Every structure is written in C-alpha cells, then in structure tokens.
Amino acid sequence: MDSSVPPRPSEPRPRRRDRHGRGMRGPVAPPQVPLSASRADSFRDLVQDSVERLERRWPQLAEVDFVVLDVPGTSEETVPLGSALSAEKERPAQIVIYRRPVEIRTKNRDERALLVHEVVVEQVAELLDHHSSTPLSRPGPTGPVRRPVPRPFRGRRAASAP
C-alpha cells in the first residue's frame, strides 16, 4: 500500500507564521512614539533638557560631563539625588544625577522634570561655587512658576437640613 503523504523531514522547518495563521507579531509601537521609550531614556531626556537650558546662560557648562546613573554607590543614611565632582588632571568636571532616587520621590513626569531641573541646578551651583542667594536658573521658561490661587466654590451646594 502506497502512502500519498511524504515522510517528515528530520529537521524542523522555520516557523513563518504564528500558530493561528495571522502572521508574525510586530512591535507594539513605532520607535518614535514615546510609548517605546524606556524610563531610563525619558529620564536622560529630562536631564538633557535641563542641561541645555542652563548651558544657554552658562557656556562654561559645555566642559562639564553630565552623567545619569541608576543608584548611588554609597551606603549612607540619606540617599543623594545627585553629586558634583570637580575637575582633576585627566578628568573633566562631572555632575551625576541618580535616576531611581529621583523617580521614587515623584509621582508623574511633570514633577520629575521639576525635580530633575532642581537637582541639576543644585549640583551646578555646588560645582561653580554659587551662593544660594544667586539664582542659577529661573524655575519656569518665562519666569517664576505661578501657582493657581484657590477660588471659592461656585457649583451647587448640598441643601442643608432645617
């Protein structure tokens, strides 16, 4: 009796489709969409934005290396958010921002951006020996950040019981 089914090859064939026949899965989002950026990448972008804002006012910051590390390597009682290292013979001045301590202290991207900028400004001030009375940077893009003033409630009030 002849079998019309050919014998199975000894080596497996490469899979060209998934088992439901819909094709191979592609990326969830294209690379230019923020969804595909990792937290570390977006944190580096926040640091870079802050540095660029400061370099416009202080061109000498172009000679400073800004580094982002996940966590500090010390086992101190308090965890630093950043550190500044002055220049030495073979190494330029360096400012280090620690990603995880900053992320833990913030709830959203806006808070994180403000804290990153604050830490970068503090470390630059320490490196350049500025006093805290001399502001290195304005908090907002056009001046001081204005917080909204609470307004009286103008909606419906619950009826009071007689």
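Residues numbered from 1 in each chain as written. Predicted model: local features only at pLDDT ≥ 70, side-chain atom pairs only at ≥ 80, totals over all residues. Heavy atoms only, no water.

Now for helix 3 (residues 109-128). Spanning 20 residues, helix 3 covers 28 Å between terminal C-alpha atoms, matching the ideal 28 Å at 1.5 Å per step. Regarding helix 3, the residues found buried are Arg112, Leu115, Val116, His117, Val119, Val120, Val121, Gln123, Val124, Ala125 and Leu127. Sitting at the amino-terminal end of helix 3 is Asn108, which places a side-chain oxygen 3.2 Å from the backbone nitrogen of Asp110. Phi for Asp129, located one or two positions after helix 3, is positive at around 55°. (Helix = DSSP H or I, 4+ residues; strand = E, 2+ residues; numbered from the N terminus. Expected span 1.5 Å × (residues − 1). Buried < 20%, exposed > 50% of the residue type's maximum accessible area, 1.4 Å probe, protein only. Polar contact = N/O pair within 3.5 Å; in protein donor to acceptor, adjacent residues only side chain to side chain.)

Right, let's get into the pattern of salt bridges. For the structure shown, the criterion picks out five salt bridges. A salt bridge links Glu88 to Arg91; its shortest N-O distance comes to 3.4 Å. With a closest N to O distance of 3.0 Å, Glu103 and Arg99 form a salt bridge. Here Glu103 pairs with Arg99, and both are found in helix 2 (residues 99-104), just four residues apart, close to one helical turn. Among the charged side chains, a salt-bridge network with shared partners connects Asp70, Arg99, Arg100 and Glu103. (Salt bridge = Lys/Arg side-chain N within 4 Å of Asp/Glu carboxyl O.)

Checked against the element boundaries, Arg112 lands in helix 3. For the buried Arg112, no salt bridge exists, and the shortest N-O distance to an oppositely charged side chain is 4.8 Å, to Glu103. Once residues within four sequence positions are removed from consideration, Arg112 is found in contact with Phe43, Leu46, Val102, Glu103 and Thr106. (Lys, Arg positive; Asp, Glu negative; His and termini not counted. Contact = heavy atoms within 4.5 Å.)

Within a sheet, adjacent strands bond to each other through the backbone by hydrogen bonds, running parallel or antiparallel. Across the sheet, three strands lie side by side as 1-3-2; this open sheet has mixed pairing. The strands lining the two open edges of the sheet, one partner per strand, are strand 1 (65-69) and strand 2 (82-85). Pairs of neighbouring strands in the sheet enclose a mean axial angle of 15°, with direction left out of account. Looking at chain direction, strand 2 and strand 3 (residues 94-98) are connected through four bridges and run antiparallel. Residue pairing for strand 3: Ala84 is matched across the bridge by Ile95. The strands touched by helix 1 (residues 39-57) within the sheet are strand 1 and strand 3, with strand 1 carrying the most contacts at an inclination of about 155°. On the sheet, helix 3 packs against strand 1, strand 2 and strand 3 and is oriented at approximately 25° with respect to strand 2. (Pairing = 2+ DSSP bridges. Axes fitted to C-alpha atoms, helices over the stretch in contact; angles between N-to-C directions.)

Turning to helix 1, a few remarks are in order. Over its 19 residues, helix 1 extends 28 Å from the first C-alpha to the last, a length consistent with the 27 Å expected when each residue adds 1.5 Å. By the burial criterion, the buried members of helix 1 are Ala40, Phe43, Leu46, Val47, Ser50, Val51 and Leu54. Projected onto a plane normal to the axis of helix 1, the buried residues spread over an arc of 130° and lie on a single side. Lining the buried residues of helix 1 we find strand 1, strand 3, helix 2 and helix 3. (Arc of directions from axis to C-beta.)

This paragraph deals with the nonpolar core. With 21 residues, the main nonpolar core has Leu54, Ile95, Ile97, Val116 and Val120 as its most contacted residues. Going through the elements one at a time, helix 1, strand 3 and helix 3 are the ones with two or more residues in this core. Broken down by element, this core gets its largest block of residues, seven residues, from helix 3. (Core = buried A, V, L, I, M, F, W, Y, C linked by side-chain atoms within 4.5 Å.)

The subject of this paragraph is the packing of helix 1 against helix 3. Where helix 1 contacts helix 3, the two axes come as close as 9 Å, and the packing angle between them is 50°. Our classification of the angle between helix 1 and helix 3 gives oblique. Two packed elements cross with a definite hand, and for helix 1 against helix 3 that hand is right-handed. Across from Ser42, Phe43, Leu46, Val47, Ser50, Val51, Arg53 and Leu54 in helix 1, the residues of helix 3 making contact are Arg109, Arg112, Ala113, Val116, His117, Val120, Val121 and Val124. For the contact of helix 1 with helix 3, the per-class residue count stands at ten nonpolar, three polar and three charged. (Parallel < 35°, antiparallel > 145°, perpendicular 65-115°, else oblique. Left-handed = near helix turned anticlockwise from the far one by under 90°. Nonpolar A, V, L, I, M, F, W, Y, C, P; charged D, E, K, R; others polar.)

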